[in-house]
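Geometric and topological summary
Each chain is listed here by its residues.
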Amino acid sequence: MSLLKVQSLNLSFGGVNAIDALSLTIEPGPIHSIIGPNGAGKTTLFNLITGVYVPSDGQILFEDKEIAGKKPWTLAAMGLARTFQNLQIFFNMTAIDNIMVGMHLNSDTRFLPSLLRLKSIIRGDNENREKSAELLKFVGLGDYIGADTDSMPYGALKRLEIARSLATQPKILLLDEPAAGLNPAETGELDGLIQKIAASGVTVVLVEHDMKLVMGVSDHIIVLESGKLLCEGSADEIRHNPDVIAAYLGESGRNL
Ligand SMILES: Nc1ncnc2c1ncn2[C@@H]1O[C@H](COP(=O)(O)OP(=O)(O)O)[C@@H](O)[C@H]1O
Ligand SMILES: [Mg+2]
């Protein structure tokens, strides 16, 4: 059984076919990356898989079950989690409270909690607080557990978002440009974190423009262009593929 399968998927915005008859399969286990030029449809694909958009046509199967059109919180409960291209952090809150609120937003809450409810979530039970602290340590934020998010560096906030997405114990984690805005040292640490997440049994799907990161961590790379599958393969196959070089990597891609 494949973990995630997309079949003949379509979504257009006005006249633009953002996703165009796209079929692909994500097998459980390894680290997958989805690459391609800006506007290729990578984020739209994540939005379709996570229930933000409903496809106009085609199927999305998660563990052989049709999930197209299901609500994001239902999908989170089934084991799908994601991070966003633009940071989605609650500011004016501590790092650990972000995780605790995220646990609830992603699982059993169908609407933004009222202020009263928010307070009760943050007070939380000790078990959730402990789990949240463990997650922060797992992503390398052990020093920031009680820190206010307003005072945290950008790289730490990106990790915080990853920790929050792991709070629902997903089977698959979709990361949308996690290295964007990170310095080389932070990107190196992210490489290690992605491998650690995969080793913990979570299937990772990475959308990323940092080709050093992509080529280094990926077992399987999918290339999109104009909403279509251009090709897929191992890092070695992709960096030498003439179509990928022409559409995205350029000649220097061979040296990645
Ligand atoms: N909400 C939207 N409304 C209109 N057009 C959109 C919307 N989201 C994406 N698009 C268009 O769909 C195409 C794919 O965009 P996107 O999925 O964001 O690409 P990528 O993440 O690969 O850069 C682009 O042409 C983009 O302009
Ligand atoms: Mg995008």
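Above this note sits the structure.
What this report covers is the structure whose coordinates are included nearby.

Conventions we followed
- Residues numbered from 1 in each chain as written.
- Chains lettered and ligands numbered in written order.
- Predicted model: local features only at pLDDT ≥ 70, side-chain atom pairs only at ≥ 80, totals over all residues.
- Heavy atoms only, no water.
- Donors = N, O, S within 2.8 Å, 3.2 Å for Na, K, Ca; no water.
- Helix = DSSP H or I, 4+ residues; strand = E, 2+ residues; numbered from the N terminus.
- Near = heavy atom within 4 Å.
- Polar contact = N/O pair within 3.5 Å; in protein donor to acceptor, adjacent residues only side chain to side chain.
- Areas by Shrake-Rupley, 256 points an atom, 1.4 Å probe, with all protein chains shown as cover.
- Nonpolar A, V, L, I, M, F, W, Y, C, P; charged D, E, K, R; others polar.
- Expected span 1.5 Å × (residues − 1).
- Buried < 20%, exposed > 50% of the residue type's maximum accessible area, 1.4 Å probe, protein only.
- Axes fitted to C-alpha atoms, helices over the stretch in contact; angles between N-to-C directions.
- Parallel < 35°, antiparallel > 145°, perpendicular 65-115°, else oblique.
- Left-handed = near helix turned anticlockwise from the far one by under 90°.
- Contact = heavy atoms within 4.5 Å.
- Salt bridge = Lys/Arg side-chain N within 4 Å of Asp/Glu carboxyl O.

1. Topic: the coordination of the magnesium ion (ligand 2)
- The protein atoms that coordinate the magnesium ion (ligand 2) are Thr43 (OG1) and Gln85 (OE1), at distances spanning 2.1 to 2.4 Å. Taken together, the positions of Thr43 in helix 1 (residues 42-49) and Gln85 in the loop between strand 6 (80-82) and helix 3 (95-106) put the pair 42 residues apart, joining distant regions of the chain.

2. A closer look at the site of ligand 1
- Lining the immediate surroundings of ligand 1 are Phe13, Val16, Ala18, Pro37, Asn38, Gly39, Ala40, Gly41, Lys42, Thr43, Thr44 and Tyr53.
- Note that an oxygen atom of ligand 1 is positioned 2.8 Å from one of the side-chain N or O atoms of Lys42.
- Within the side chain of Thr43, an N or O atom sits 2.9 Å from an oxygen atom of ligand 1.
- Bound to the protein, ligand 1 loses 62% of the 560 Å² it would expose on its own.
- Contributions of two or more residues to the shell around ligand 1 are made by strand 2 (16-26) and helix 1.
- Here the shell around ligand 1 takes three residues from helix 1, the largest share from any one element.
- Classifying every residue of the shell around ligand 1 gives six nonpolar, five polar and one charged.

3. Section: helix 6 (residues 154-166)
- With 13 residues, helix 6 should cover 18 Å at 1.5 Å per step; its first-to-last C-alpha distance of 19 Å lies within 8% of that length.
- A large share of helix 6 lies buried, amounting to 12 of its 13 residues.
- Among all positions of helix 6, only Gly155, Ala156, Leu157, Lys158, Arg159, Leu160, Glu161, Ile162, Ala163, Arg164, Ser165 and Leu166 are buried.

4. Looking at the packing of helix 5 (residues 126-138) against helix 6
- Interhelical geometry of helix 5 versus helix 6 gives an angle of 135° and a closest axis separation of 9 Å. Here helix 5 lies oblique to helix 6, going by the angle between them. Note on packing geometry: the crossing formed by helix 5 with helix 6 is right-handed. Of helix 6, the residues touching helix 5 (which contributes Leu135, Leu136 and Phe138) are Leu160, Ala163 and Leu166.
- Within the contact of helix 5 with helix 6, the residues separate by chemical class into six nonpolar, no polar and no charged.

5. Things to note about the pattern of salt bridges
- Taken as a whole, this structure holds six salt bridges when the rule is applied.
- Residues Glu134 and Lys137 are paired through a salt bridge, measuring 3.6 Å at the closest nitrogen-oxygen approach. Placement of both Glu134 and Lys137 in helix 5 is noted, with a separation of three residues, approximately one turn of the helix.
- Residue Glu134 is classed as partly exposed on the basis of its relative accessible area, which comes to 45%.
- Residue Lys137 is classed as partly exposed on the basis of its relative accessible area, which comes to 47%.
- Glu189 serves as the salt-bridge partner of Arg159, at 3.5 Å between the closest nitrogen and oxygen. Residue Arg159 is found in helix 6, and its partner Glu189 is found in helix 7 (residues 184-199); the two are separated by 30 residues along the sequence.
- When its relative accessible area of 14% is taken as the criterion, Arg159 is described as buried.
- According to the relative accessible area criterion, Glu189 is partly exposed, its value standing at 46%.

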